[in-house]
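Chains, contacts and geometry: an overview
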Amino acid sequence: MAKTKSVGGEMSFLDHLEELRWLLVRSSIAIVICACVAFTFSSYIFENIIFAPTKTDFFTYRVFCDIATKYDLDKSFCAAKFPFSLQSRTMDGQFSTDIWTSVTAGIILAFPFILWEFWKFIRPALYDKERKNAVGFILSTSLLFFLGVLFGYYLIMPLSINFLGNYQISTVVENNIDIDSYLSLIKTTVISCGLVFEMPIIIFFLAKIGLVTAEFLRKYRKYSLVIILIIAAIVTPPDVVSQLIVTIPLMILYEVSILIAARMNKRKLKEEANG
């Protein structure tokens, strides 16, 4: 479709809306295609990925059990079986679960393409030098997102399942967990972690437009540490080792964000000095 440009060759507001509409259309098509692929392999995904953290021989549990045994820490990761079962309580429950899980997988798999579409949308507002960094932007952002997803899946999820699955207010109450509740925990965890790992990229753009400075991030470093420690305390068992395993990567991301902000601030000052 030909683009109608306003006077001076610049796109009008309606042209931008049209571009945004096609961005959403193409991104939606990519998600649907990836979701269909995920649906085709749904049996493998459920058995070997989604339900894997409910089994005590999961990789993370074995590692934590070895650490707990070696250093005489909490042995909850060494249990032979979790004291809960998953259930579906509606007629279409398992079918709906399959569909929406495939959609979630489609969003995760299509993330690099969605990023590329977003980059094309903002590209006209960038300098020529910045446009040349498209590949680096897509690769770094996608890498951070997938690292966050893996961090959530292999660390946050097992810690959460181990703690919540073993938590009991009384032996009278049985943990028969609805499949929707379990999947909601997985989706929220992995996607949230994927987005949290985008912190350096977000700080890059905020520093570029002058909303965040390295001094600001350094000033509030201690408050950020407290927030991260609180999050780690909530999602991990009550032992120091588990909390540190969650806290350290998040603090590293924060420190990297400070370095990025400092670099962007220096570049901005240099550009202003050169007029």
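Next up on the list: the overall build of the protein chain. Within the protein chain one finds twelve helices and two strands. Each helix and strand of the protein chain, placed in order from N terminus to C terminus, yields the pattern α-α-α-β-α-α-α-α-β-α-α-α-α-α. The buried share of the protein chain, taken over its 275 residues, is 37%. In the protein chain, of all internal contacts separated by at least 6 residues, the share reaching a separation of at least 24 is 77%. Surface exposure of the protein chain reaches about 17000 Å², of which carbon and sulfur atoms provide 68%.

Moving on to the nonpolar core. Generally speaking, a soluble globular protein has its nonpolar side chains buried in company with each other. Of all hydrophobic cores here, the largest spans 46 residues; its most connected members are I50, F151, Y182 and V246. With 13 residues, helix α7 (residues 134–166) is the single largest residue contributor to this core. L217, Y254, I258 and A261 belong to the second largest nonpolar core, which has ten residues in total.

Taken as a whole, this structure holds five salt bridges when the rule is applied. Here E18 and R21 are joined by a salt bridge, their closest N and O atoms 2.9 Å apart. In this pair, E18 and R21 both sit in helix α1 (residues 13–40), three residues apart, roughly one turn of the helix. Taking the relative accessible area as the measure of exposure, R21 reaches 41% and is therefore partly exposed. A salt bridge links E117 to R26; its shortest N-O distance comes to 2.8 Å. In this pair, E117 sits in helix α5 (residues 111–122) while R26 sits in helix α1, placing the two residues 91 residues apart along the sequence. Using a relative accessible area of 2% as the deciding quantity, one classes E117 as buried. Sharing partners across several salt bridges, the network here consists of R26, E117 and K120.

A cluster of nonpolar side chains, I29, I33, V37, F41, Y44 and I49, forms an exposed patch at the surface whose accessible area comes to about 600 Å². Of all the elements in the fold, those that place two or more residues in the nonpolar patch are α1 and α2 (42–50). The element contributing the most residues to the nonpolar patch is α1, with three residues. Considering the arrangement of structural elements, one finds I29 in helix α1.

When you line up the elements, L155 lands in helix α7. Sequence separation between L155 and V190 is 35 residues, and the spatial gap between their C-alpha atoms is 10.0 Å. Leave out the neighbours within four places in its chain, and L155 touches F64, L150 and I245.

Let us now look at the packing of aromatic side chains. Counted under the stated rule, the structure contains 18 aromatic pairs. With a centroid separation of 6.1 Å and an interplanar angle of 35 degrees, the aromatic rings of F51 and Y182 are classed as tilted. With F51 in the loop between α2 and α3 (59–71) and Y182 in helix α8 (residues 179–196), the pair connects residues that are 131 residues apart, well separated along the chain. Each member of the pair F51 and Y182 is classed as buried. Plain terms: the ring middles of Y61 and F82 are 5.2 Å apart, the flat faces sit at 70 degrees to each other, and that makes the pair edge-to-face. Residue Y61 is located in helix α3, and its partner F82 is located in the loop between α3 and β1 (84–87); the two are separated by 21 residues in the primary sequence. There is no split in this pair, since Y61 and F82 are both buried.

The next point concerns the packing of α7 against helix α9 (residues 199–208). At their nearest, the axes of α7 and α9 sit 9 Å apart, and the two run at 135 degrees to each other. Relative to α9, the element α7 is oriented oblique. For the pair α7 and α9, contact is made by F137, S140, T141 and L144 and by P200, I201 and F205, respectively. Classifying every residue of the contact of α7 with α9 by side-chain character gives five nonpolar, two polar and no charged.

Low-confidence regions, as indicated by low pLDDT, have predicted coordinates that should not be scrutinised in detail. Averaged over every residue, the pLDDT of the protein chain is 84; the share at 70 or more is 89%. Across the protein chain, the element-wise mean pLDDT spans from 67 in helix α6 (residues 128–131) up to 95 in α2. Ignoring residues within four places in sequence, the model shows residues 1–9, a span with pLDDT below 50, making ten contacts including any to other chains.

About the cut-offs
Residues numbered from 1 in each chain as written. Predicted model: local features only at pLDDT ≥ 70, side-chain atom pairs only at ≥ 80, totals over all residues. Heavy atoms only, no water. Helix = DSSP H or I, 4+ residues; strand = E, 2+ residues; numbered from the N terminus. Buried < 20%, exposed > 50% of the residue type's maximum accessible area, 1.4 Å probe, protein only. Contact = heavy atoms within 4.5 Å. Areas by Shrake-Rupley, 256 points an atom, 1.4 Å probe, with all protein chains shown as cover. Core = buried A, V, L, I, M, F, W, Y, C linked by side-chain atoms within 4.5 Å. Salt bridge = Lys/Arg side-chain N within 4 Å of Asp/Glu carboxyl O. Patch = residues over 30% accessible without salt bridge, like charges linked within 9 Å, V, L, I, M, F, W, Y side chains within 5 Å. Phe/Tyr/Trp six-rings, centres within 6.5 Å; stacked < 30°, edge-to-face > 60°. Axes fitted to C-alpha atoms, helices over the stretch in contact; angles between N-to-C directions. Parallel < 35°, antiparallel > 145°, perpendicular 65-115°, else oblique. Nonpolar A, V, L, I, M, F, W, Y, C, P; charged D, E, K, R; others polar. pLDDT = per-residue confidence, 0-100.

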